[in-house]
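Structural overview
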Amino acid sequence: MSDIHRPTDLEAGSGRLREPEEDESSSSPFDIPNPKYASVERLKRWRQAALVLNASRRFRYTLDLKKEEEKKQTLGKIRAHAQAIRAAYLFKEAGDQVNGAAKPPPTPSGDLGIGQDQLASITRDHDFHTLQQYGGVKGIADLLKANLEKGINGGDDDLLKRRNAFGSNTYPRKKGRSFWMFLWEAWQDLTLIILMIAAVASLALGIKTEGIKEGWYDGGSIAFAVILVIVVTAISDYRQSLQFQNLNDEKRNIRLEVIRGGRTVEVSIYDIVVGDVIPLNIGDQVPADGILISGHSLAIDESSMTGESKIVHKDSREPFLMSGCKVADGRGTMLATSVGINTEWGLLMASISEDNGEETPLQVRLNGVATFIGIVGLGVAFLVLIVLLVRYFTGHTRDPDGTRQFVAGQTKVGDAVDGAIKIVTVAVTIVVVAVPEGLPLAVTLTLAYSMRKMMVDRALVRRLSACETMGSATTICSDKTGTLTLNQMNVVEAYAGGEKLEPADNKSQLSPKLASLVKEGIAQNSNGGVFIPEGNGEVEVSGSPTEKAILIWGIKLGMNYEAVRTESSILHVFPFSSEKKRGGVAVKLPDSQVHIHWKGAAEIVLALCTRFIDANDDVKAMDQEKVTFFKKAIDDMAASSLRCVAIAYRSYELDKVPTDEAQLSVWALPEDELVLLAIVGIKDPCRPGVRDAVRLCQNAGVKVRMVTGDNLQTAKAIALECGILASAAEAKEPNLIEGKAFRDLSDVAREEMAEKISVMGRSSPSDKLLLVQALRKKGHVVAVTGDGTNDAPALHEADIGLAMGIQGTEVAKESSDIIILDDNFASVVKVVRWGRSVYANIQKFIQFQLTVNVAALIINVVAAVSSGDVPLNAVQLLWVNLIMDTLGALALATEPPTDHLMHRTPVGRSEPLITNIMWRNLLLQALYQVSVLLVLNFKGKSLLNLKHDNSNHATKVKNTLIFNAFVLCQIFNEFNARKPDEYNIFKGITKNYLFMGIVAITLVLQIIIIEFLGKFTSTVKLNWKQWLIAAIIGVISWPLAVVGKLIPVPKTPVSMYLRDCVDFIRCRRT
């Protein structure tokens, strides 16, 4: 989207991540391949170029540029207001300190020792002075009856008491638009307004000339038809808006961990209460206003609140945290002090409404198609209007009995005006049918349907256009862990003391000193946790799957997590970095010794080790023989698709450790001369069905590439297991490459190499970004998966960013377009299917609608020009318009995806919307309908043996049959539109209840219109023979479609031939 709509995340780097994709000045206004990066001027251009009858409805699901600007101004005002209050408070605080003002006593709230106002003012105003007077974070926690280590009690009564005292973590949302608003919007259509004016005029003249009993039918029937179109349109649009509201609620519902009663539990962000102790890790969103309890290298991105792209470091001197901000680096725990509307974020969110508006490439292109068809339709309608008016006022228009409708000097003014109104009504109704307002809206309808269904398939769509872009994806760059594998990790092999442990948790092989250091390294150098319930219940382990696997291994070795953690204190933490592939911690022991523990990628940590501890507790030098032994162990484990992690440590002098908090926060932990403690192999099995999913992608022309931070050998083993690499012979350069080797290539070489890569091992997030950029430069439509904060640039850069719902950080999710809720690669493949389905469904609808357009226009024009009369009147055309626009879109835009879609190559971005196959189908059907119905129009009386009937009645029977046959043709052709390139048009039809329901409703309503509503629609009842004729005319479209599919079509699109012709003519002229 535009820069306004989608602010760049700070973690994703500053500014825009790529150059504009096309020359904005020269290309068509209806050609925006990737609106994700389109400028505001570009978005304005296509709106201004579109021919629109009802702007408020047509542009409802596009970005509201005016509202977006207002939203920015509102955010600015609220931020400025908050900063002004904070500045005033700091000024007041400085005065209080000079005058020695005492702190106000805490105001109790129920049986809690402090009230909401005082809590809110401390955090909102960053009032460090008052915080200290209350005894710091410990004092506040005591007043809130919260334990800084174990959290709050967390029972239902406790939670209710806190919600009553401090409110819930929700904010009042602006109500969505009511049904009446949609009804009002549907009224705004210019053509419908003209028709209503014509209906009122016709009504007045009819009642005046024929009396109220008979005279109201003409005007009343048009008015009723218009009202029906408006109501059905409003209902359809209202249902769509409810679907979007539900999806927005799902997007906002973040799941996070809190500590309650000593255990880590996962809750919804809405369930956070004041007093909760919340762990914060890199990429998390701060869920409430609060105070830092403890942190290590904790850096917060406050740009969402302050508007300034500045990373703020948090420590005991700067402990205040604001809701809605993101953790840019480090980790820590916080005490929640204000929630919901009592936070600045809550005020901010309550003041702005969620905007679902967003351009999608199809939506923009369809507006171009609708504009072109609309211009043709307007021209045709104007021609019909002129021809009919000239014929009428020159006396060439006659009644069925042969009398002239207008005779100069004899016809009353009222009758002449009534005749002219009827002609204008027909012309305006042709415009209603010709301008396909429903075409761009059909995109939104099919996207809304697909988004709802994709939720069932465990994919949450954050950006509408991603649904449709996924259908064009030519390559998927997938993570390994948790996406291609199950993320259920267990330590199955281990090396310690210079030998292999048999089995991996055999503690008898570990010497006392080695065992102690391994346990210390596992317990302290971890952002996971262990909870042992009272009464010797089952041990609960929390953290990432890798952390959990290593903690469980430590417990099996006899580690007492709590005891080890209390024996030493943490001085400084270097959180795990995906760039460095390791994380470390410095701990101080009771005897003032300092141990620095490192844990990370086995071969990288091994390279930093100069010694190891043997089975006798002796520290030995790492000679070449031992290096070879450990490297072979790593290679063997990696070849068995195990993730290899090494644990090492070194001792350090206490007097070299910085004592100042500011210096300590930037202290680089020493990582040289490490002593190897252990190497573990962690098994993470492939997901069941992932091999089939990969094969399905490959058959569909989508190349799957694995991009992982793991060892190249592990990546190779998993890639062979998943089918990404077909055989071991393929497992070599350029198919298999290490991140560093790819990074070191020149730009040109990188682009050439990128297309050949199947597996990239030991890659950093920047390598993933480089791969995405190289593939896009080669013309690929790239989907990329990511879960970490550092994946944000690649997710943002890709055509479709897919964040992981379970392992993904909030920063990754916010940079993504779709969230894969179960982290499963099979769900990614389902998203590809849905993407292709969106495109296919829109094409079905276009084929159906254009057939109706072409047939209705030609029939009415030919009849008007030749005889001065039109067989399809205003009310009938409005009914056809309803079938075509709203009901047709509902029936065809909600077709579920089929396996047939995955047997095609990806849809090219520049491919024409109307393919040669569609042109063949629609022209064949339109030609058939026009031919049959024009024959009926001119020869119908003789063919139907109506010559002996009353002339007026015979004309009405003939016109009714034409109308009936025309509608039945559309109903039968709706079946053809389901499968434009397949012979069996009924395949899977029984599963699409909505399609069957709409066809049945249309048929029943058509029977009611013909048999019972003749007065309103100017039709007469038909006998069974005439019904049979109409049905046969409709049914013939089925075998005709089969015959049509036997006609070969050229692969080169018709539009290319037309373009070549235009270029040739231009050349001839010059």
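Residues numbered from 1 in each chain as written. Predicted model: local features only at pLDDT ≥ 70, side-chain atom pairs only at ≥ 80, totals over all residues. Heavy atoms only, no water.

1. Concerning the overall build of the chain
A count of helical and extended segments in the chain gives 38 helices and 26 strands. Looking at the chain residue by residue over its 1070 residues, the buried ones come to 56%. Long-range contacts, defined as pairs at least 24 residues apart, comprise 73% of the intrachain contacts of the chain with a sequence gap of at least 6. With an accessible surface of roughly 44,600 Å², the chain has 58% of that area assigned to carbon and sulfur atoms. (Helix = DSSP H or I, 4+ residues; strand = E, 2+ residues; numbered from the N terminus. Buried < 20%, exposed > 50% of the residue type's maximum accessible area, 1.4 Å probe, protein only. Contact = heavy atoms within 4.5 Å. Areas by Shrake-Rupley, 256 points an atom, 1.4 Å probe, with all protein chains shown as cover.)

2. Considering the packing of helix α33 (residues 951-978) against helix α34 (residues 993-1012)
In the contact formed by α33 and α34, the axes pass within 11 Å of each other and the chain directions differ by 175 degrees. Judged on the interaxial angle alone, α34 and α33 are roughly antiparallel. On the side of α33, the interface is formed by T960, F963, N964, V967, L968, I971, E974, F975 and R978, while α34 contributes F995, V999, T1002, L1003, Q1006, I1009 and I1010. Grouping the amino acids of the contact of α33 with α34 by side-chain chemistry returns 10 nonpolar, 4 polar and 2 charged. (Axes fitted to C-alpha atoms, helices over the stretch in contact; angles between N-to-C directions. Parallel < 35°, antiparallel > 145°, perpendicular 65-115°, else oblique. Nonpolar A, V, L, I, M, F, W, Y, C, P; charged D, E, K, R; others polar.)

3. Side note on the nonpolar core
One finds I724, I800, I818, F825 and F966 to be the most contacted residues of the largest nonpolar core, which totals 153 residues. Take this core: its biggest share by element is 20 residues, from helix α30 (residues 825-867). The contact partners of F966, leaving out residues within four places of it in the chain, are V852, A855, A856, I859, L872, V880, Q929 and L933. Within the second largest apolar cluster, 48 residues are counted, among which are I122, V274, A288 and A336. (Core = buried A, V, L, I, M, F, W, Y, C linked by side-chain atoms within 4.5 Å.)

4. Thoughts on the packing of aromatic side chains
A full pass over the atoms with the stated rule returns 15 aromatic pairs. An angle of 75 degrees between the planes, with centres 5.9 Å apart, marks the rings of Y495 and F629 as edge-to-face. With Y495 in strand β10 (residues 490-496) and F629 in helix α21 (residues 624-639), this pair connects stretches of sequence that are 134 residues apart. For the pair F629 and F630, a centre-to-centre distance of 5.3 Å together with 65 degrees between the ring planes defines the contact as edge-to-face. (Phe/Tyr/Trp six-rings, centres within 6.5 Å; stacked < 30°, edge-to-face > 60°.)

5. A look at the packing of α33 against helix α37 (residues 1037-1045)
At a minimum axis separation of 9 Å, α33 and α37 run at an interaxial angle of 30 degrees. Remark: the crossing between α33 and α37 carries right-handed chirality. Judged by residue contacts, F972, N973, F975 and N976 of α33 engage S1037, W1038 and A1041 from α37. Its residues assigned to classes, the contact of α33 with α37 shows 4 nonpolar, 3 polar and no charged. (Left-handed = near helix turned anticlockwise from the far one by under 90°.)

6. Some remarks on the UniProt feature "transmembrane region" (unreviewed entry) in the chain
What UniProt calls "transmembrane region" (unreviewed entry) maps, in this numbering, to residues 182-207, 219-238, 369-393, 423-449, 993-1014 and 1026-1047. From the first C-alpha to the last, residues 219-238 spans 28 Å; its make-up is 100% helix and 0% strand. Measuring from the first to the last C-alpha atom of residues 993-1014 gives 31 Å, for a span that is 95% helix and 0% strand. (UniProt positions renumbered as here; feature names shortened; annotations may be inferred.)

7. Here we look at the environment of I341
Topologically, I341 is positioned in the loop between β7 (326-338) and α12 (344-351). The class for I341 is partly exposed, based on a relative accessible area of 35%.

8. A closer look at the pattern of salt bridges
Between side chains of opposite charge, a pair can form as their charged atoms come close. For the structure shown, the criterion picks out 37 salt bridges. A salt bridge links E653 to K656, with the shortest nitrogen-to-oxygen separation between them at 3.4 Å. Look at E653 and you get partly exposed, because its relative accessible area is 38%. Shared partners join several salt bridges into a network, and the residues in it are D158, K161 and R162. (Salt bridge = Lys/Arg side-chain N within 4 Å of Asp/Glu carboxyl O.)

9. Quick notes on a nonpolar patch on the surface
A cluster of nonpolar side chains, contributed by W184, W187, I227, V231 and I235, occupies part of the molecular surface with about 460 Å² of accessible area. Of all the elements in the fold, those that place two or more residues in the nonpolar patch are α8 (179-187) and α10 (217-252). Looking at where W184 falls in the secondary structure, it is placed in helix α8. Relative accessible area serves as the criterion here: at 55%, W184 is assigned to the exposed category. (Patch = residues over 30% accessible without salt bridge, like charges linked within 9 Å, V, L, I, M, F, W, Y side chains within 5 Å.)

10. Remarks on the sheet that holds strand β9 (residues 475-478)
As summarised here, the arrangement of the 8 strands in space is β8-β26-β25-β24-β9-β21-β23-β22, forming an open sheet in which the pairing is mixed. Here the strands that pair on one side only, and so sit at the sheet edges, are β8 (459-461) and β22 (736-738). Adjacent strand axes in the sheet meet at a mean angle of 20 degrees, parallel and antiparallel pairs treated alike. Taken together, the 2 bridges between strand β21 (residues 703-707) and strand β23 (residues 759-761) define a ladder with parallel strand orientation. Opposite V707, over in β23, you have M760 as the bridge partner. Across the sheet, helix α24 (residues 712-722) is in contact with β21, β22 and β23; its angle to β22 comes to roughly 155 degrees. (Pairing = 2+ DSSP bridges.)

11. Digging into helix α17 (residues 512-524)
Helix length check: α17 (13 residues) gives 18 Å between terminal C-alpha atoms against 18 Å at 1.5 Å per residue, within 8%. When α17 is considered as a whole, its buried residues turn out to be L514, A515, L517, V518, E520, G521, I522, A523 and Q524. (Expected span 1.5 Å × (residues − 1).)

12. Looking at the side chain of D315
With respect to the element layout, D315 can be found in the loop between β5 (311-313) and β6 (320-321). From its side chain, D315 meets the backbone nitrogen of R317 in a polar contact 2.9 Å long. In this structure D315 touches L292 and E661, once residues within four positions along its chain are discounted. (Polar contact = N/O pair within 3.5 Å; in protein donor to acceptor, adjacent residues only side chain to side chain.)

13. Some thoughts on the state of the cysteines
According to the stated counting rule, one finds 0 disulfides in the structure shown. Looking at C686, it has no disulfide partner, and the nearest cysteine sulfur is the one in C722, 3.2 Å off. (Disulfide = S-S within 2.5 Å.)

14. Remarks on unusual backbone geometry
With an omega of -10 degrees, the peptide bond between E502 and P503 qualifies as cis. Within the element layout of this structure, P503 appears in the loop between β11 (499-500) and α17. For the bond running from E733 to P734, omega is 5 degrees, close enough to zero to count as cis. The topology assignment puts P734 in the loop between α24 and β22. The phi dihedral of S297 falls on the positive side, at around 55 degrees, and the residue is not glycine. On the secondary structure map, S297 appears in strand β4 (residues 289-301).

15. Focus: the confidence of the model for the chain
Here the chain averages 82 in pLDDT, while 86% of its residues score no lower than 70. Scored below 50 in pLDDT, residues 1-26 makes 73 contacts in the model with residues more than four places away or belonging to other chains. (pLDDT = per-residue confidence, 0-100.)

16. Notes on the environment of D289
Assignment of secondary structure puts D289 in strand β4. Overall, the relative accessible area of 5% leaves D289 in the buried class. For the pair formed by D289 and T123, sequence separation is 166 residues and the distance between their alpha carbons is 6.7 Å. Here D289 is in contact with T123, L321, M322, S323, M334, L335, A336, T337, S338, N342, T343 and E344, once residues within four sequence places are set aside.

17. Points about the pairing of β21
When a strand is regular, its side chains alternate between the sheet's two faces. With 4 of 5 residues buried, β21 is to be regarded as a mostly interior element. Bridging between β9 and β21 involves 4 bridges; their strand directions are parallel. Opposite T475, over in β21, you have K703 as the bridge partner.

18. Looking at the side chain of E302
Mapped onto the secondary structure, E302 falls in the loop between β4 and α11 (303-306). A polar contact is formed between the side chain of E302 and the side chain of K314, at a distance of 3.0 Å.

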